[in-house]
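The residues making up each chain are set out below.
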Amino acid sequence: MNLEHSYFTASFNLVPEEQDMAVLFSGEGRPVPGHKIGPSVHDYFLIHTVLDGEGFFQSGNVSRHCRTGDTFVIYPGSLFSYQADKDSPWHYVWVALQGEAVTALLSDAGITKERPLLHSGNTSELHSLYEHIRLAFQQSPYPRLESLEASGWTRLLLHQFGLANLSVLPARPKEMPEVIDRQIDQAIRWISLQFHQQISIDHMAATLGYHRVHLSKAFKQKTGLSPKQYLLKMRMDKARELLGGTLTIDQVASSVGFNDALYFSKQFRKYTGMPPSEYRAVLREG
């Protein structure tokens with residue numbers, strides 16, 4: 001009599017409603033020798049990482065004998081099958097995902113439908129992340145918080161996949177030195193998030209470790225605008241959006257970083273060709 005049997009444990013998300021990436025369920029298993037899944041098709045992404053043992057994975061034109069440290073990804077709509085080795089059956093963990101951003105997030109980590117496999121030597125870290133995902137779903141009174149936690153751990157898991165896949169990730173364009181390029185990205189983000197504050201370009205440049213002239217030159221090279229022009233553009237674009245609502249002119253001015261509503265009106269007229277009140281009237285007429 002064969003007493004061998006597969007062992008599986010899993011947890012499920014009770015509220016998988018996030019549009020960008022939702023974790024549907026996660027689990028861990030030790031199937032018996034030769035245990036096979038498929039050929040089948042799923043309507044969600046299913047990621048497996050082999051912690052120990054061996055098995056065989058096939059999807060489309062991709063097939064691989066997988067061992068410890070290997071990860072394979074099943075894409076929605078793809079015909080797949082996988083089977084535990086008959087002599088050394090694998091022990092694996094898995095997570096199922098759904099959402100509009102999953103394909104892009106996997107691609108950021110170097111995983112595509114045509115290249116759904118990767119190898120990592122850091123299986124203990126991966127196992128820990130999978131366990132955090134699975135344990136997030138404890139059917140507490142706060143399922144939405146559980147969903148948020150599982151999503152966070154999953155993003156860390158994808159980050160680990162990316163680190164293991166550095167050799168296939170696209171290199172940063174060399175239009176300007178990498179460090180400067182990164183600092184310009186930070187300056188753009190700084191202005192984009194803080195345009196409603198009193199931003200000092202000198203202070204921003206000093207914080208990022210550059211002289212204002214040097215930063216402005218690199219900034220304009222990348223964006224076509226100086227930091228001051230970019231800041232004004234962000235403020236005016238937001239002001240035009242807000243003028244379509246119910247805020248007063250004073251409130252709009254304050255919301256886009258102008259303490260003086262009169263000065264805001266002059267700047268707005270200079271930028272758009274009409275004062276805020278006239279711009280609002282045109283919007284309402286349209």
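I will try to describe carefully the structure that is included in this document. What you see is a predicted model; the values in this text were computed from it and never measured. (Residues numbered from 1 in each chain as written. Predicted model: local features only at pLDDT ≥ 70, side-chain atom pairs only at ≥ 80, totals over all residues. Heavy atoms only, no water.)

**Describing the overall build of the chain**
- The helix and strand tally for the chain stands at 10 helices and 10 strands.
- A separation of at least 24 residues holds for 70% of the contacts in the chain among residues at least 6 apart in sequence.
- Here the chain displays about 15900 Å² of accessible surface, and carbon together with sulfur accounts for 52% of that area. (Helix = DSSP H or I, 4+ residues; strand = E, 2+ residues; numbered from the N terminus. Contact = heavy atoms within 4.5 Å. Areas by Shrake-Rupley, 256 points an atom, 1.4 Å probe, with all protein chains shown as cover.)

**So, the nonpolar core**
- By size, the foremost hydrophobic cluster in this structure holds 29 residues, and its most contacted members are Ile184, Met204, Leu215, Phe219, Val256, Phe264 and Phe268.
- Put simply, the parts of the chain that give this core at least two residues each are helix 4 (178-194), helix 5 (201-207), helix 6 (212-223), helix 7 (227-242), helix 8 (249-255) and helix 9 (261-272).
- Residues in contact with phenylalanine 268, not counting those within four places in the same chain, are Met236, Ala239, Arg240, Leu243, Gly273, Met274, Pro275, Pro276 and Tyr279.
- Among the nonpolar cores identified, the runner-up in size contains 25 residues, and Val23, Val95, Leu97 and Phe161 belong to it. (Core = buried A, V, L, I, M, F, W, Y, C linked by side-chain atoms within 4.5 Å. Buried < 20%, exposed > 50% of the residue type's maximum accessible area, 1.4 Å probe, protein only.)

**A word on a nonpolar patch on the surface**
- A cluster of nonpolar side chains, contributed by Tyr142, Leu145 and Leu148, occupies part of the molecular surface with about 360 Å² of accessible area.
- Tracing the sequence through the fold places leucine 145 in helix 3 (residues 143-164). (Patch = residues over 30% accessible without salt bridge, like charges linked within 9 Å, V, L, I, M, F, W, Y side chains within 5 Å. Salt bridge = Lys/Arg side-chain N within 4 Å of Asp/Glu carboxyl O.)

**Let's talk about the sheet that holds strand 5 (residues 55-59)**
- With antiparallel pairing, the 4 strands of this open sheet are ordered in space as 3-8-5-6. If you trace the sheet from one side to the other, it starts and ends with strand 3 (36-40) and strand 6 (62-66), each paired once. Neighbouring strand axes in the sheet, compared pairwise and without regard to direction, differ in orientation by 10° on average.
- Summarising the sheet, strand 5 and strand 8 (residues 80-84) pair through 5 bridges and their orientation is antiparallel. Counted as the bridge partner of glutamine 58 is serine 81 from strand 8. (Pairing = 2+ DSSP bridges. Axes fitted to C-alpha atoms, helices over the stretch in contact; angles between N-to-C directions.)

**A few points about the layout of surface pockets**
- The calculated volume of the largest pocket comes to roughly 280 Å³.
- If you go around the largest pocket, you meet 13 residues; those closest to its centre are Lys228, Leu231, Arg235, Phe258 and Tyr263.
- Of all the secondary structure elements, the ones that give two or more residues to the lining of the largest pocket are helix 7 and helix 9.
- Broken down by element, the residue count for the lining of the largest pocket peaks at 4 residues, all from helix 7.
- Residue composition of the lining of the largest pocket, by class: 6 nonpolar, 4 polar and 3 charged. (1 Å grid on protein atoms, 1.4 Å probe; cavity = no way out; pocket = protein on both sides within 12 Å on 5 of 7 lines; lining within 4 Å. Points joined across faces, edges and corners; volume = space filled by probe spheres on them. Nonpolar A, V, L, I, M, F, W, Y, C, P; charged D, E, K, R; others polar.)

**Some points on unusual backbone geometry**
- Backbone torsion omega between glycine 38 and proline 39 reads 5°, so that peptide bond is classified as cis.
- Looking at the element boundaries, proline 39 is found in strand 3.

**Some words on the environment of serine 192**
- Tracing the backbone shows serine 192 in helix 4.
- Residue serine 192 is classed as partly exposed on the basis of its relative accessible area of 24%.
- With 38 residues separating them along the chain, serine 192 and tyrosine 230 place their C-alpha atoms 8.9 Å apart.
- Filtering out sequence-adjacent residues up to four positions away, serine 192 remains in contact with Tyr230 and Met234.
- There is a polar contact of 2.7 Å between the side chain of serine 192 and the backbone oxygen of isoleucine 188. (Polar contact = N/O pair within 3.5 Å; in protein donor to acceptor, adjacent residues only side chain to side chain.)

**Quick word on the pairing of strand 6**
- Direction of pairing for strand 5 relative to strand 6: antiparallel, over a ladder of 5 bridges. If you follow glutamine 58 over to strand 6, its bridge partner there is serine 63.

**Thoughts on the packing of helix 2 (residues 123-136) against helix 3**
- It is at 8 Å that the axes of helix 2 and helix 3 come closest, and there the two elements cross at 165°. Taken as axis vectors, helix 2 and helix 3 run roughly antiparallel relative to one another. In the crossing of helix 2 with helix 3, the sense of the turn from one axis to the other is left-handed. Only Glu146, Glu149, Ala150, Trp153, Thr154, Leu156, Leu157, Gln160 and Phe161 of helix 3 make contact with helix 2, whose side of the interface consists of Glu125, Leu126, Leu129, Tyr130, His132, Ile133 and Ala136.
- Partitioning the contact of helix 2 with helix 3 into residue classes produces 10 nonpolar, 3 polar and 3 charged. (Parallel < 35°, antiparallel > 145°, perpendicular 65-115°, else oblique. Left-handed = near helix turned anticlockwise from the far one by under 90°.)

**Some remarks on the environment of lysine 266**
- Mapped onto the elements of the fold, lysine 266 is located in helix 9.
- Placed 10 residues apart in sequence, lysine 266 and proline 276 show a C-alpha to C-alpha distance of 9.0 Å.

**A short note on the packing of aromatic side chains**
- Counted under the stated rule, the structure contains 15 aromatic pairs.
- Geometrically, the ring pair formed by phenylalanine 72 and tyrosine 82 is tilted, given 5.4 Å between the ring centres and 50° between the ring planes. Here phenylalanine 72 is found in strand 7 (residues 70-74), whereas its partner tyrosine 82 is found in strand 8, with 10 residues between them in sequence.
- When the ring of tyrosine 92 is compared with that of tryptophan 94, the centres are 5.9 Å apart and the planes differ by 70°; the resulting orientation is edge-to-face. Accessibility classification places tyrosine 92 together with tryptophan 94 in one group, the buried group.
- Following the ring pairs from residue to residue traces out a cluster consisting of Phe57, Phe72, Phe80, Tyr82, Trp90, Tyr92 and Trp94.
- It is arginine 235 that lies over the ring of phenylalanine 258; its NZ or CZ is 5.4 Å from the centre. (Phe/Tyr/Trp six-rings, centres within 6.5 Å; stacked < 30°, edge-to-face > 60°. Lys NZ or Arg CZ within 6 Å of the ring centre and 35° of its normal.)

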